Amino acid sequence: MASRYDRAITVFSPDGHLFQVEYAQEAVKKGSTAVGIRGTNIVVLGVEKKSVAKLQDERTVRKICALDDHVCMAFAGLTADARVVINRARVECQSHKLTVEDPVTVEYITRFIATLKQKYTQSNGRRPFGISALIVGFDDDGIPRLYQTDPSGTYHAWKANAIGRSAKTVREFLEKNYTEDVIANDNEAIKLAIRALLEVVQSGGKNIELAIIRRNQPLKMFSAKEIELQVTEIEKEKEEAERKKSKKSM
Amino acid sequence: MAATFFGEVVKAPCRAGTEDEDEEEEGRRETPEDREVRRQLARKREVRLLRRQTKTSLEVSLLEKYPCSKFIIAIGNNAVAFLSSFVMNSGVWEEVGCAKLWNEWCRTTDAIHLSPAEAFCVFYHLKSNPSVFLCQCSCYVAEDQQYQWLEKVFGSCPRKNMQITILTSRHVTDYKTSESTGSLPSPFLKALKTQNFKDPVCCSLLEQPNIVHDLPAAVLSYCQVWKIPAVLYLCYTDVMKLDLITVEAFKPILSSRTLKGLVKNIPQSTEILKKLMTTNEIQSNIYT
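Nothing here was measured: the structure is a model prediction, and the numbers come from that model.

Visitor: Is there a simple way to explain the overall build of chain B in this structure?
Guide: Secondary structure summary: chain B contains 9 helices and 10 strands in total. Considering chain B as a whole, with its 288 residues, one finds that 44% of them fall into the buried category. Summed over its atoms, the accessible surface of chain B is roughly 16000 Å², and 53% of this surface lies on carbon and sulfur atoms.

Written out as structure tokens, the structure is:
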């Protein structure tokens, strides 16, 4: 039945599906994992770095992009679609700043991106954008925000979420380990993001990229060394926890 | 027969069948050229089972030549990677032979001179227990070749005192369920077994109306007909290429009776699997 209703985006199937949008969500699952966490005083974005070919310049393969000084996003899915969406969002951020003399709120730019995506699910001859995005930042009122958009053009606020390959596993990990104590401490929130990624990343710390935004501070990208440090700490903590467990069982 | 406006006589289609059947037969008789083309095509698509050392064809089927108590068949790249990392590194396996075949899905165009690196189905047996067999099949066996493959491997009258385990994977969009595919915990494992398979299975059984396709279905049907105990473990995944998480989804099978004795070093296996992933990664910039 699906084959008759997935040719043109503007066609609903008899049972109400928009198959092209659902297929676009499959394209998102082909991208590597990205995780976002909203702490009390910090927002964290962690991504699984795509392996770069030997002759490829690493700088041009980025999953975390700044949209403005106080907002950044990570995406999963089609690289080219992401580039187009990010460019439009960046232009919108500056246009808003010049027109209204205020930087965009995280919700505003998320709504802009989501509206753009929705337009492409209702246009003839166009396909939806094959990306999901995690948008984080601090508003002027100092409140941290995390939003997620998907190819259908919906957006929701989240405390923590994951997109891309194995997003379900990461989300389940976050559901188990996201507590108010953890996110109150900046360092713990960062560790939670790394631990969530380590559940699904194929070769440990060297394939993880991390970015944080603290209140009234610009975006900070972690260097490979800093990530390695965090990963070592996490592994030490894990070993200690296992030792305690084995002592208890004895 | 009917006459058109222009005076030509046109044969009117008739659903009752043709009246002049003899005339039809003459027109459809096979020319020597047709026969030759058909013969060449059959030869091109022949499934050949070759011995390891001599690379000559086996005269009898593989399991008629060698006695077998356990046969584990991996079909598809994820199942093959699972057996390579978890089973094959836990013992000394010796290559017994290979099956070479060509069809439209093959990357090479030369059917006769397939290089040794392209042996698509390789058969091994455990040196310490030569009745345990393993098959790594990473090619697609077309419908017309499946019967030949079965004959060359199992023979026309197989023994019943062996147990077959088949591992394969399929895309989760083929899984028919009333739930939405977004809520499925892919990758996940499903099992299908023959009537004579009495051991417990390591996961839930495949529900209707889902069916199994291609070579795994052919092997399972063959075992059901010949009353051989066989079980198929099918992993539904959303990543069809070689993927660590899909391969690890096969892990519950390690506790089954068939594989329990064969697997020894699991942490080392995970390391080998990771290495296999990195060497096989194809560079693609479409998805980030």
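Visitor: Sorry if this is basic, but what is going on with the overall build of chain A here?
Guide: Along its length, chain A carries 7 helices and 10 strands. Accessible area for chain A stands at about 13000 Å²; split by element, carbon and sulfur atoms hold 51% of it.

Visitor: What is the right way to read a negative patch on the surface from this model?
Guide: A surface patch of negative charge is lined by E228(A), E235(A), E239(A), E240(A) and E242(A). A relative accessible area of 57% places E242(A) in the exposed class.

Visitor: Explanation requested: the packing of aromatic side chains in the structure shown.
Guide: To describe a pair of aromatic rings, you give the distance between the ring centres and the angle between the ring planes. Residue and element names in this part refer to chain B. Following the criterion strictly, the structure yields 15 aromatic pairs over all chains and no others. Here F123 and W149 contribute two aromatic rings whose centre-to-centre distance is 6.2 Å and whose plane-to-plane angle is 40°, an arrangement assigned as tilted. Linking F123 in strand β6 (residues 121-126) with W149 in helix α5 (residues 143-154), this pair joins segments that are 26 residues apart in sequence. Overall, the relative accessible area of 0% leaves F123 in the buried class. Residue class for W149 comes out buried when judged on its relative accessible area of 0%. Pairing Y175 with F188 gives two aromatic rings, centres 5.0 Å apart and planes at 70°, and the pair type is edge-to-face. A residue pair is termed long-range when its members are at least 10 positions apart, and Y175 in the loop between β8 (163-171) and β9 (188-193) and F188 in strand β9 qualify at 13 residues.

Visitor: In this structure, what is going on with a positive patch on the surface? I would like to understand it.
Guide: Residues and elements named next belong to chain A. Taken together, R243, K244, K247 and K248 make up a surface patch of like positive charges. Summarising the element assignment, K248 is placed in helix α7 (residues 224-249). For K248, a relative accessible area of 78% corresponds to the exposed category.

Visitor: Mind showing me how you'd approach helix α3 (residues 106-119) of chain A here?
Guide: Since one α-helical turn is 3.6 residues long, residues separated by three or four positions face the same way. All names here are of chain A. Between the first and last C-alpha of α3 there are 20 Å, a value that for 14 residues agrees with the 20 Å anticipated at 1.5 Å per step. Of all the positions in α3, only V106, I109, T110, I113, A114, L116 and K117 are classed as buried. Projected onto a plane normal to the axis of α3, the buried residues spread over an arc of 155° and lie on a single side. For α3, the elements touching its buried residues are β4 (71-77), α2 (79-100), β5 (131-138), β6 (144-149) and β7 (155-157).

Visitor: Help me understand the interface of chain A and chain B in this model?
Guide: Many authors give the size of an interface as the accessible area that is lost as the parts come together. Facing 22 residues of chain A, the contacting portion of chain B comprises 19 residues. Summed over the shared surface of chain A and chain B, the result is 0 salt bridges. At the surface where chain A touches chain B, the tally comes to 4 residue pairs in polar contact (both at pLDDT 80 or more). For the side of chain A that touches chain B, the secondary-structure elements that each account for two or more residues are α1 (19-28) and β4 of chain A. With 3 residues, β4(A) is the single largest residue contributor to the side of chain A that touches chain B. Per-class residue counts for the side of chain A that touches chain B are 7 nonpolar, 8 polar and 7 charged.

Visitor: Just to check I follow, could you spell out the sheet that holds β5(A) for this structure?
Guide: Strands in a sheet are paired, the pairing made by backbone hydrogen bonds, and the direction either parallel or antiparallel. Residue and element names in this part refer to chain A. Strand order in the open sheet made by the 5 strands is β3-β4-β5-β6-β7, with antiparallel pairing throughout. Looking at the sheet topology across the chains shown, the edges are occupied by β3 (64-66) and β7. The mean angle between the axes of side-by-side strands here comes to 20°, regardless of whether they run parallel or antiparallel. The pairing of β6 with β7 spans 3 bridges and is classified as antiparallel. Counted as the bridge partner of Y147 is A157 from β7. Here α2 sits on the sheet and contacts β3, β4 and β5; the angle it forms with β4, its principal contact strand, is near 160°.

Visitor: Would you mind showing me how to read the pairing of strand β5 (residues 93-100) of chain B here?
Guide: The two faces of the sheet receive side chains in turn, since in a regular strand these alternate between them. Residue and element names in this part refer to chain B. Within β5, 6 of the 8 residues are buried, which leaves it mostly tucked inside the rest of the structure. Inspection of the sheet shows strand β3 (residues 48-51) paired to β5 by 4 bridges, in the antiparallel sense. The residue of β5 that forms the bridge with L49 is A99.

Visitor: What exactly am I supposed to notice about the sheet that holds β3(B) here?
Guide: All names here are of chain B. Strand order in this open sheet of 8 strands is β3-β5-β6-β7-β4-β8-β10-β9, and the pairing throughout is mixed. Single-partner strands in this sheet number two, and they are β3 and β9. Strand-to-strand twist across the sheet, computed as the mean angle between neighbouring axes with direction ignored, equals 20°. Examined bridge by bridge, β9 and strand β10 (residues 230-237) share 6 bridges and lie antiparallel to one another. Considered in β10, the bridge of A191 is made with Y233. The strands touched by helix α4 (residues 77-87) within the sheet are β4 (70-75), β5, β7 (132-137) and β8, with β7 carrying the most contacts at an inclination of about 140°. Along the sheet, α5 contacts β3, β4, β5, β6, β7 and β8; its crossing angle with β4, the most-contacted strand, is approximately 150°.

Calculation rules
- Residues numbered from 1 in each chain as written.
- Chains lettered and ligands numbered in written order.
- Predicted model: local features only at pLDDT ≥ 70, side-chain atom pairs only at ≥ 80, totals over all residues.
- Heavy atoms only, no water.
- Helix = DSSP H or I, 4+ residues; strand = E, 2+ residues; numbered from the N terminus.
- Buried < 20%, exposed > 50% of the residue type's maximum accessible area, 1.4 Å probe, protein only.
- Areas by Shrake-Rupley, 256 points an atom, 1.4 Å probe, with all protein chains shown as cover.
- Patch = residues over 30% accessible without salt bridge, like charges linked within 9 Å, V, L, I, M, F, W, Y side chains within 5 Å.
- Salt bridge = Lys/Arg side-chain N within 4 Å of Asp/Glu carboxyl O.
- Lys, Arg positive; Asp, Glu negative; His and termini not counted.
- Charge placed at Lys NZ, Arg CZ, Asp CG, Glu CD.
- Phe/Tyr/Trp six-rings, centres within 6.5 Å; stacked < 30°, edge-to-face > 60°.
- Expected span 1.5 Å × (residues − 1).
- Arc of directions from axis to C-beta.
- Contact = heavy atoms within 4.5 Å.
- Polar contact = N/O pair within 3.5 Å; in protein donor to acceptor, adjacent residues only side chain to side chain.
- Nonpolar A, V, L, I, M, F, W, Y, C, P; charged D, E, K, R; others polar.
- Pairing = 2+ DSSP bridges.
- Axes fitted to C-alpha atoms, helices over the stretch in contact; angles between N-to-C directions.

None of the figures reported here should be taken as evidence of function without further support.
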